[in-house]
Amino acid sequence: MLGCMSTVELAPSILSADLTRLAEQVKEVEAAGAERIHVDIMDGRFVPNLTFGPIVVEAVRRSTKAVVEAHLMIVEPEKYIPDFAKAGADIIQVHQETCPHLHRTIQQIHELGKKACVVLNPATPLVTIEEILGDVDEVLIMTVNPGFGGQKFIESTLPKIARLRQMLDARGLRCDLEADGGIGPATAGAVVKAGAHVLVAGAAVYGAKPGVAAAIQAIRAAAQAV
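In this report, we go over the structure that sits alongside the text. (Residues numbered from 1 in each chain as written. Predicted model: local features only at pLDDT ≥ 70, side-chain atom pairs only at ≥ 80, totals over all residues. Heavy atoms only, no water.)

**So, the pairing of strand E3 (residues 67-73)**
Of all the seven residues making up E3, six are buried; the element is thus mostly covered by neighbouring parts of the structure. Pairing of strand E2 (residues 36-42) with E3 involves seven bridges; the strand directions are parallel. What sits directly across from Arg36, in E3, is Val67. Handedness of the crossover joining E2 and E3 through helix H2 (residues 54-63) is recorded here as right-handed. Note that E3 and strand E4 (residues 91-95) share four bridges and pair parallel. The residue bridging Glu69 from the neighbouring strand is Ile91, located in E4. With helix H3 (residues 81-87) bridging E3 and the parallel E4, this β-α-β connection has right-handed handedness. (Buried < 20%, exposed > 50% of the residue type's maximum accessible area, 1.4 Å probe, protein only. Helix = DSSP H or I, 4+ residues; strand = E, 2+ residues; numbered from the N terminus. Pairing = 2+ DSSP bridges. Right-handed = clockwise from strand over helix to strand, strands pointing away.)

Structure representation (C-alpha cells):
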C-alpha cells in the first residue's frame, strides 16, 4: 500500500546512539545503508525531555552525506527554524500541535530552502492537517507519544497511517509518509503495509545486540517482505 512511493527508507534516530561516539555512530548507520539520520530536538516543555540543539545537527551534518532531518518537538519552533536550517538540516519537521499558524511555518521552512514536514502525535486527528497536505513535502505520524526512546509501538496508529496514505493517493500527492516510534523488525512490516515508506528507528538500531548493520538489515528485510 505504498501508493506511488515504492522504496523504503530508514532513518536511525541518534536519540539512542552513544553520544560519546556520535560521528562514528552516524557513519556506521550510513555505511549500513540508512538513507537518513533523524535528530530528535526536545525542549522539556512540549515533551517531557531535553535533548539536542542546532550544534548537534551541525555535528551530524559534518559526519554524513545522508539526509539529515531535524524533528522539532519544541514550542514556538518558528523562532529556531533558521538556526536548524543554518546547521545543515535537509528536512525540518514541526508538530501541528505547536504551530497555530502552520501555513506560515511551512512557508518559512521552504523560504530557507529546506523540505518541510508536519508531524502528528498519536491522538491528533488527520483532519487537522487536511488543508496543508498540498504544501508539505512530508507527513510524519508518531507511533508513540513523543519524548522518550524505546517505547512500545501504539497499534492503533496503523489505521491512521492507512487513512493518510489513502488521502495522499486520492489527491495524487507525492508526499513522503514517515512513521516514528517503536519501530523495529517486529513492527516495520505492518507500518509499511499501512502505507508509510520512511521509518524512524532508534533503540531497535543502536540498542540491538547483533550490532547496527545487522539491525538495519533486519528492519529493512521486514519492511520489504510485505
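Picking up where we left off.
**Structural notes on the pattern of salt bridges**
According to the stated counting rule, one finds 13 salt bridges in the structure shown. Taking the shortest distance from any N to any O, the salt bridge between Arg21 and Glu24 comes out at 2.7 Å. Relative accessible area serves as the criterion here: at 32%, Arg21 is assigned to the partly exposed category. Across the pair Arg171 and Glu130 runs a salt bridge whose closest N-O atoms are separated by 3.3 Å. Of this pair, Arg171 sits in helix H5 (residues 157-171) while Glu130 sits in the loop between strand E5 (115-120) and strand E6 (138-142); the two residues are 41 residues apart in sequence, bridging distant segments of the chain. Since its relative accessible area comes to 30%, Glu130 is described here as partly exposed. Here the salt bridges do not stand alone but share partners, grouping Glu9, Arg36, Glu69, Glu138, Asp176 and Glu178 into one network. (Salt bridge = Lys/Arg side-chain N within 4 Å of Asp/Glu carboxyl O.)

**A word on unusual backbone geometry**
Look at Glu76: it is not a glycine, yet its phi comes out positive at around 50 degrees. Inspection of the secondary structure puts Glu76 in the loop between E3 and H3. The partly exposed category is assigned to Glu76, whose relative accessible area is 34%.

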